[in-house]
Amino acid sequence: MVLRSLKSRIRNKFEVSVAETAHQDRHQRAELAVAVVGPDDAERSGAQCTRVRFRTLGAAEIARYAASGEPLDKAGGYAIQGGAAAFVESVDGDTDNVVGLPLGLVVELLGLSPVNRRT
């Protein structure tokens, strides 16, 4: 009954669907591609994949996170740099890729040395 009430409140407040948590998908892959074009029209591109493993979450945790509004404008439905960081067991790859811009790949494609980058 409590879970049904939480699901209903979240659905009404944010107009989103709320899934049952019995069969959670504990892995998520973030795959991003980047292309750069230089002033001489030279093109370089690359892709990167990062795998995120989540711990098992309880219904109340999921409801609280959904009610926070944070996941609503995220492509994967969570912000690894925000509240969802507490849900992550491990990251295999570049966390920047999960956030949305694989900076290491961009630096590589631009031919920049990390030491010479402006911060």
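Going by the structure above, here's the rest.
Everything numeric here is computed off the predicted structure, so don't read it as measured data. (Residues numbered from 1 in each chain as written. Predicted model: local features only at pLDDT ≥ 70, side-chain atom pairs only at ≥ 80, totals over all residues. Heavy atoms only, no water.)

K.L.:
Teacher, can you tell me more about the side chain of Thr50 here?
P.N.:
Tracing the sequence through the fold places Thr50 in strand 2 (residues 43-54). What Thr50 contacts, discounting residues up to four positions off in sequence, is Gln28, Arg29, Ala30, Val91, Asp92, Gly93, Asp94, Asn97 and Val98. (Helix = DSSP H or I, 4+ residues; strand = E, 2+ residues; numbered from the N terminus. Contact = heavy atoms within 4.5 Å.)

K.L.:
Honestly, helix 4 (residues 103-110) in this entry has me stumped. Any pointers?
P.N.:
Since the α-helix turns once every 3.6 residues, residues separated by three or four places project in the same direction. Taken as a whole, helix 4 has its buried residues at Leu105, Val106, Val107 and Leu109. Residues of helix 4 that are buried in the fold lie against strand 1 (27-37) and strand 2. Directly after helix 4, the chain includes Gly111, whose backbone phi takes a positive value near 75°. (Buried < 20%, exposed > 50% of the residue type's maximum accessible area, 1.4 Å probe, protein only.)

K.L.:
Help me understand the side chain of Asn97, please; the structure alone is not making it clear to me.
P.N.:
Locating Asn97 in the fold gives a position in helix 3 (residues 95-99). The exposure class of Asn97 is buried, given its relative accessible area of 1%. Among the polar contacts listed, one links the side chain of Asn97 to the backbone oxygen of Gln48, at a separation of 3.3 Å. Ignoring sequence-local partners within four residues, the contact set of Asn97 consists of Ala30, Leu32, Gln48, Cys49, Thr50 and Pro102. (Polar contact = N/O pair within 3.5 Å; in protein donor to acceptor, adjacent residues only side chain to side chain.)

K.L.:
I keep staring at the pairing of strand 2 and nothing clicks. Help me out?
P.N.:
In the case of a regular strand, side chains alternate between the two sheet surfaces. Direction of pairing for strand 1 relative to strand 2: antiparallel, over a ladder of 11 bridges. Within strand 2, the position partnered with Val34 by the bridge is Gly46. Connecting strand 1 to the antiparallel partner strand 2 that follows it, the hairpin turn spans 5 residues, and Asp41 within it adopts a positive phi of roughly 65°. Where strand 2 and strand 3 (residues 88-92) come together, 4 bridges link them in antiparallel fashion. Note that in strand 3 the partner of Arg51 across the bridge is Asp92. (Pairing = 2+ DSSP bridges.)

K.L.:
Help me out: how do you make sense of the pattern of salt bridges in this one?
P.N.:
Opposite charge on two side chains allows them to pair when their charged atoms are near. Following the criterion strictly, the structure yields 5 salt bridges and no others. Between Arg55 and Glu61 there is a salt bridge, and its shortest N-O distance comes to 2.5 Å. Asp73 is the partner of Lys74 in a salt bridge, and the nearest nitrogen-oxygen pair spans 2.5 Å. The exposure class assigned to Asp73 is exposed, which follows from its relative accessible area of 61%. Residues joined in a network through salt bridges with shared partners are Arg26, Arg53 and Glu89. (Salt bridge = Lys/Arg side-chain N within 4 Å of Asp/Glu carboxyl O.)

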